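Listed here are the chains, written in short residue letters.
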Amino acid sequence: MSGGGPPRPEAQGPSPFLSLRNLEKSVSQGNGRLHILRQISLDIAPGEFVSIMGPSGAGKSTLLAVLGMLDGDWTGEYRFLEHDVHKMKPKDRVGLNKQHIGFVFQQYHLIDDLTVAENLDIPLSYRNVKPGEREALVADTLDRFGVVAKKDLYPRQLSGGQQQLVAVARALIHKPTLLLADEPTGNLHSSQGKEIMALFRELNAAGMTIVQVTHSDENAKYGQRVIQLRDGWILGAGG
Amino acid sequence: MDTVLHDIRYALRALRNSPGYTTVAVLALALGIGVNTAVFSVLNGVVLRPLRYDEADRIYGVWERSEEGGYRLASYPTFLDWREQSQVFEALAFVRGTSSLMPGDQGARRVGSAFVSEDFFEALRGTTLLGRTFSDDEQRPGGPHVAVLTHALRQERFGGDEAALGSAIRLNDETYTVVGILPPWFRFPDWAEVYLPLAVIASTDRILTQRGFHADSRVIVKVKPNVSVTQAQTAMAGIQARLAAAYPAESRGWTQIELVSLLEQELRFGAVRPMLVLLTAAVAVVLLLACANVANMSLVRAATRSREFAIRAALGAGRRRVARLLLSESAVLALAGGVLGLLLASWGVGLLRAAAPEGLPRVAEIGLDAQMLAYAALIAVLTTVLIGLAPALRATAPDLTEPLKAGSPGTGGARIRSRLRSTLVALEVALALVLLIGTGLLVRSLWMLTHVDPGFDPIRLATVAVFPPSPRYDAPDRAVELYRRVTDAIAVLPGVEQVALSNHLPLSGSYLFRPIEIPGRPPDPEGDEQALFRTISAEYFDTMRIPIRRGRSFTPDEVAAASHVAIVNETLAKQYWPDQDPVGRFVTLFKSSQARADFGERFSVEIVGVVGDVRHTGLEEQPAPEVYIPYTVNPWGWMNVVARTAADPEALVPLLARTVAAVDPDIPVAGRQRPGAMRQNFSGQLAQRRFTVTLLSGFAAGALLLAALGIYGVIAYLVALRKREIGIRAALGATRRHITRLVVAQSVRVVAVGLAVGLAAAFGLTRLMANLLYGVGATDAVTFAGVTVFLGAVALLASWLPARRASRVDPMVALRNE
């Protein structure tokens, strides 16, 4: 579809996991405003694996941040599960983010001064999880992702692929319903990248909703739908 | 050499490119170097620099010492015995101090006059500024009347005119020819304004015949070159023992002699030194804090330039070159700070001289000179090393190539650097705490002193001294008559409620201890029973609001009739009659006015009352035994009038001067004899302490500011370094409160370490200032706890500001900021 058209009718079948209507984001620049996202309307169904693609500066990462509720400075409507995000206070949005969303970044963004196990513990420490439970969850996750032997190592002692694996584990440890990934394989060798993408497919198969930003057509194939962004507009969607 | 110049050129350019950093660093250093140089110049001028007399290290003041450890001035007969019997001195001189009436254009004023014996100018040999000292002829009885003036009196009397030499001045109705002017630094004894040969009064001054009179004199000696102080003291102790045996009434127990260096004597036996040393230590702390701050800022700069240094290293620069580059920058900063600091110091020295309390000796000698320039240069070099060393070492660390590696973003790579910075901040907190606690203790001491009960009510009291012009009032009854007329005239002034007379006023610095004997009580084997000798009018206790504890005050009739009655204070009563009522008992006193022919004559008085204690000799001193008699019994050579007023006593001051002048225009009411409010005695008492506390508080505030800036800077820097980590945490669910807590927790650790170290240091160091404290212990828990909590709170506030900023970090911006 092309941007600027009338709002898309509600998707058929189960009610969408999240939906955006006429979402706009701009920042002031000089005398005018720079538009980053233009009239974005979008539905994502539960259990979908969507890839956002487009050239640099198209607004991909911004859209991801909006979806992840890290960016609240926009206009339009955003409905997430049963919540009208556009009506929520920033504090409540943080609560929603904490409950439902996990992030994976291109640069892994592990904290260098914390061990693998401590990095995994960070999301739990911000979610009022009891210490005993936290320990158990960290141990489970280490086990599930096959990094038990590396739990006391620091990020710099791991390969890029291993670091991203830990980052994915960290994004999932609090059992989010939506995984957002910003070029998760951008810094990895192709074989390491394939491993991460295989992991994503596995998670998706198990029911996790995933939205990834990627430059790679090959990676986009792991998902079911591609959203093309250019200059802030959605150009078209494919399967 | 070329490379050094190149480094300096580069340093100048690099500093020009960071105007903010350069300005703050230069200002901080200028402040540190400036106050240090200024305060050190005071310490140097007052304490460290030797006196300017020739061979000043051999000049000493001589004090008699009792077996109990007391000090007293020598009487003239004792001095004559010393001169006759001692062999260890090259010169031995006696000074008899009085004040003389000098007429002038603005009315008469009293000048401090020193009648000096033959060897005086021989002992204190220096350069006479103009003219000469006394010739042998002039030092013989009946010789011509000549005078040597201090520089200050010459300025006052002749406006600096050289024609002063050969001019005549009038003192107490006698004419003296000025034969010499002394240099500005010549200042001994400190009250002397004019020097006259002792021969002028040798035959007429009865005091000079009194072996038992130990006031208003000085003895100075110049020890022979090959004689040590100990040898001289031993030799003199032999003479003293003989004198004690020969004159038991006057000298029993006074068997020792102490030679006190002239400098030490000027410093009032060391009372001034610890204050100045304390101030010097305080400004050293300020300088260290300034250095720690600039070093911290330099570390940040070096950190942001790590890539530049790595490129330099990759292009072949050795570690030493990189270190030299950074040290060049520090040197340029320190030089600029030093030059600006010197300007600041020269201004500060002027300010210190103007604000110096009256009692601070050698103020005229405080100034910036070559020595001060050298001192400023020395601390500038020290500063260079202190601020440049850490960044230079960091910049030359082995992992120099790390910043060149592509894609090594790292969220905690700055941990080691930040550890060094954190250590510096902990040090700043510790230094500031020590300084704040020291200041806090002195502030509390001052507070305690201002709240000491002096034993009388000083508010709304005005005073004026009445010096009867000679010879019209030389006869005692004429003087008494004059005092009565002055009192009567003041009593009817509007706003005056009560008027009284007294020879000495509390806290004025004037007092006289005189022997007291209790009939039937064996004399003290030490021969040391003395009490403050006070002559007063009947209204004195009422006017001063001194409570009567037993018996009664004098009646006006008793005073008019010069009845032999006395009132003692509680301390004296307790000392002699611990469990009995002294009223009705008799004591023997000795006539004590030096102006009178009956000086030393014994007389008996009946005690009619006991009054409350008054802190006469000083607020910090315990009350001394005191005995009051009617002023008519032993009419003093001068008298203080004290008037209680209905309103502000200051308003009465000009009226007092006019009233006294109306009674007799020749009574001096200018200069030191200007009337004043009693409150001034209080301020005078505390002036030096207030001066120290004011300066110290200023330095402590500066230290607090520097420490707070240091903490703020470090935490802000750490926040900047951790921006991405904070963004990640926010993306992973951290709330603002989580982030604020994370950042503040980091500073809490640093500040806690600093406070712990500071407390430990303060415990050790404040003991050294125990003798400067009053009414508060050197480890006073309230001060320690209060100041620690206060500094901790300031430190938390300083870290909360950047923490709050950190909590507002936009996670997306942080995550993209590679």
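Cut-offs applied
Residues numbered from 1 in each chain as written. Chains lettered and ligands numbered in written order. Predicted model: local features only at pLDDT ≥ 70, side-chain atom pairs only at ≥ 80, totals over all residues. Helix = DSSP H or I, 4+ residues; strand = E, 2+ residues; numbered from the N terminus. Rg over C-alpha atoms; globule rule 2.2 N^0.38 Å. Buried ≥ 20, exposed ≤ 12 C-beta atoms within 10 Å, placed from the backbone. Contact = placed C-beta atoms within 7 Å. pLDDT = per-residue confidence, 0-100. Pairing = 2+ DSSP bridges. Axes fitted to C-alpha atoms, helices over the stretch in contact; angles between N-to-C directions. Parallel < 35°, antiparallel > 145°, perpendicular 65-115°, else oblique. Left-handed = near helix turned anticlockwise from the far one by under 90°. Nonpolar A, V, L, I, M, F, W, Y, C, P; charged D, E, K, R; others polar. Expected span 1.5 Å × (residues − 1). Bend = angle between axes of the 7 residues up to and from the residue. Arc of directions from axis to C-beta.

## With respect to the overall build of chain A
Part 1 of the argument: When you go through chain A residue by residue, the secondary structure sums to 7 helices and 10 strands.
Part 2 of the argument: Relative to the 2.2 N^0.38 estimate, which gives 18 Å for 239 residues, the radius of gyration of chain A is 18 Å and therefore close to what a compact globule would have.
Part 3 of the argument: Counting only C-alpha atoms, chain A reaches 55 × 45 × 40 Å along its principal axes.
Part 4 of the argument: When each of the 239 residues of chain A is scored for burial, the buried share is 42%.
Part 5 of the argument: Taking as baseline every contact in chain A between residues at least 6 positions apart, the subset at least 24 positions apart corresponds to 69%.

## Remarks on the confidence of the model for chain A
Residues and elements named next belong to chain A.
Part 1 of the argument: Overall, the prediction assigns chain A a mean pLDDT of 86, with 92% of residues at 70 or greater.
Part 2 of the argument: Looking across chain A, the model is least confident in strand β10 (residues 233-238), with a mean pLDDT of 71, and most confident in strand β3 (residues 49-53), with 95.
Part 3 of the argument: In the predicted structure, residues 1-11 sits below a pLDDT of 50 and forms 15 contacts with residues beyond four places in sequence or in another chain.

## Brief notes about the sheet that holds strand β2 (residues 32-44) of chain A
Residues and elements named next belong to chain A.
Part 1 of the argument: Taking strand neighbours across the sheet as the criterion, the 4 strands line up as β2-β1-β4-β5 in an open arrangement whose pairing is antiparallel. Each having just a single partner strand, β2 and β5 (83-84) make up the two edges of the open sheet.
Part 2 of the argument: Here 9 bridges tie strand β1 (residues 18-29) to β2, and the two strands are oriented antiparallel to one another. Across the sheet, L20 pairs through a bridge with L42, a residue of β2.

## Notes on the packing of helix α21 (residues 736-765) of chain B against helix α22 (residues 781-807) of chain B
All names here are of chain B.
Part 1 of the argument: Put simply, α21 and α22 touch, their axes get as near as 8 Å, and they point 150° apart. Between α21 and α22, the angle is such that the two are roughly antiparallel. In the packing of α21 onto α22, the handedness of the crossing is right-handed.
Part 2 of the argument: Here the residues of the contact of α21 with α22 are counted per class, giving 15 nonpolar, 6 polar and 2 charged.

## Section: helix α18 (residues 649-663) of chain B
Residues and elements named next belong to chain B.
Part 1 of the argument: Its 15 residues give α18 an end-to-end C-alpha distance of 21 Å, which sits within 8% of 21 Å, the value for a rise of 1.5 Å per residue.
Part 2 of the argument: For α18, the principal kink sits at L655 and spans about 30°.
Part 3 of the argument: Residues P649, L652, V653, L656, T659 and V660 constitute the buried set of α18.
Part 4 of the argument: The inward-facing, buried residues of α18 abut β12 (461-466), α14 (476-491), β13 (496-502), β21 (639-645) and β22 (676-677).

## A closer look at helix α6 (residues 190-205) of chain A
Residue and element names in this part refer to chain A.
Part 1 of the argument: With 16 residues, α6 extends 22 Å from end C-alpha to end C-alpha; this agrees with the ideal 22 Å at 1.5 Å per step.
Part 2 of the argument: Within the sequence span of α6, burial applies to G193, I196, M197 and F200. Seen from one end, α6 has its buried residues packed into an arc of 95°, which puts them on one side. Exposed residues lying more than 90 degrees from the buried face of α6 are S191, A198, E202 and A205.
Part 3 of the argument: The elements touched by buried residues of α6 are α5 (160-172), β8 (209-213) and α7 (217-220).
Part 4 of the argument: Looking one or two residues past α6, G207 carries a phi angle of roughly 115°, positive in sign.

## Quick word on unusual backbone geometry
Part 1 of the argument: In this structure, the amide linkage connecting B:F188 to the following residue, B:P189, adopts the cis form with an omega of -20°.
Part 2 of the argument: Mapped onto the elements, B:P189 comes out in the loop between β8 (174-181) and β9 (194-197).
Part 3 of the argument: Its identity as a non-glycine residue notwithstanding, A:N128 has a phi of 50°, on the positive side.
Part 4 of the argument: Counting through the fold element by element, A:N128 comes out in the loop between α3 (116-125) and α4 (131-144).
Part 5 of the argument: With phi around 45°, B:E55 is a residue other than glycine that occupies positive phi space.
Part 6 of the argument: Looking at the secondary structure, you find B:E55 in the loop between α2 (19-48) and β1 (59-65).

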